[in-house]
Amino acid sequence: MSEKAIITCSITGVLTDPEQHHVPVTPEQLAQEARRAYDAGASVVHVHFRKQEAGKGHLPSWEPEVAKACVDAMRAACPDLIINQTTGVVGPNYQGPLDCLRATRPEMAACNAGSLNYLKVRSNGQWAWPPMLFDNQPAKVQDFLDVMAETNTLPEFECFDVGIVRCVGMYVETGMYQGLPEYNFVMGVESGMPADPDLLPILLKLKIKDAPWQTTLIGRSEIWPTHLRTAELGGHLRSGLEDTFYLPDGSKVTSNAPLIEQLARYARDVGRDVATPQEARRILHLAA
């Protein structure tokens, strides 16, 4: 068990409309929210980049110039903060995320570790969006790992289902990745693993021994018991406006800070301190 808990703020997300929700889009907004999250206890910020043109802030951007402007603004606001950058993209053309990694050289980045049928059904029995495949075949994973090695970036292996957790072990066995992988158990996607605290002991049996892990929990107030169980079992913690807008009591937030404060409270409630950015770097063996 890691005595200190690393808290990650998922600061904005990929498609949430800033005209409907209080998600940061511009470099200035990201810097302000990063500072709020940092002051609340986050040592890592997981960031998605959005188009900067008026009316297009709900769409992802893979322009290296946009990525660099956003990262530079957050680093200026919080020089100690660890940047964890998204790479998730659907389809065979993923040059954009690779270019953004090379432009910003983040200390950490998501490495989506397996494919998933990305589905959701509305209460009326209709698809919430056209059924799609979030494709992350081994060759694609290898391309991201190669660029992360080039940029000295720690991959955070995103596991959306139980079998993907097992795949990470195979990447190590075959030499695709060397060293202890850092796992992120993504729970709450409708067609992936549920956000169920009873599932955590199974996932811990399947991951590589002594490898660090965290949970990403997507949903509303029902996700919080799994956050607490993560803290009890020694995992690291993540929340933010990408993952939820709701506190345990069901109240809706308009900033990342209350979500991060709640995670810090859970960590301390189970007898764990919250890691500073420098302590997080030591726990994760980051090059910086």
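Placed above this text is the structure.
Per chain, the residues get numbers from 1 upward, laid out in the order the sequence is written. Only residues with pLDDT of at least 70 are given local features in this predicted model, and only at 80 or more are side-chain atom pairs given and counted; all residues enter the totals for whole chains, interfaces and linings. Side-chain numbers here rest on the full set of heavy atoms in the structure, without hydrogens or water.

Caption draft 1: Looking closely at the packing of helix H3 (residues 95-104) against helix H4 (residues 138-150). Axes, fitted as lines to C-alpha atoms, cover a helix only where it is in contact. Angles between the N-to-C directions of the axes lie from 0 to 180 degrees. Comment: elements are numbered from the N terminus, with helices defined as DSSP H or I runs of at least four residues and strands as E runs of at least two. It is the contact of H3 with H4, at a shortest axis distance of 9 Å, that shows an interaxial angle of 10 degrees. As the angle between them shows, H3 and H4 are arranged roughly parallel. Only Asp143, Phe144, Val147, Met148 and Glu150 of H4 make contact with H3, whose side of the interface consists of Pro97, Leu98, Leu101 and Arg102. Looking at side-chain class alone, the contact of H3 with H4 contains six nonpolar, no polar and three charged residues. Just so you know how the angles are binned, under 35 degrees is roughly parallel, over 145 roughly antiparallel, 65 to 115 roughly perpendicular, and the rest oblique. Contacts between residues were defined by any pair of non-hydrogen atoms, one from each residue, lying within 4.5 Å. As a working rule, the residues Ala, Val, Leu, Ile, Met, Phe, Trp, Tyr, Cys and Pro are called nonpolar, Asp, Glu, Lys and Arg charged, and the rest polar, with Gly in that last group.

Caption draft 2: Structural view of the environment of Leu116. By the secondary structure assignment, Leu116 is in strand E5 (residues 116-118). For the pair formed by Leu116 and Leu133, sequence separation is 17 residues and the distance between their alpha carbons is 5.9 Å. With sequence-adjacent residues up to four places away left out, Leu116 is seen in contact with Met132, Leu133, Phe134, Phe160, Asp161, Val189, Ser191 and Gly192.

Caption draft 3: Up close: the environment of Gly179. By the secondary structure assignment, Gly179 is in the loop between helix H5 (162-173) and strand E8 (182-187). A 1.4 Å probe rolled over the protein chains alone gives each residue an accessible area, and that area as a share of the maximum for its type sets the label: buried under 20%, exposed over 50%, partly exposed in between. Among the residues examined, Gly179 registers a relative accessible area of 46% and is labelled partly exposed. Here the alpha-carbon distance between Gly179 and Ala211, two residues 32 residues apart in the chain, equals 9.1 Å.

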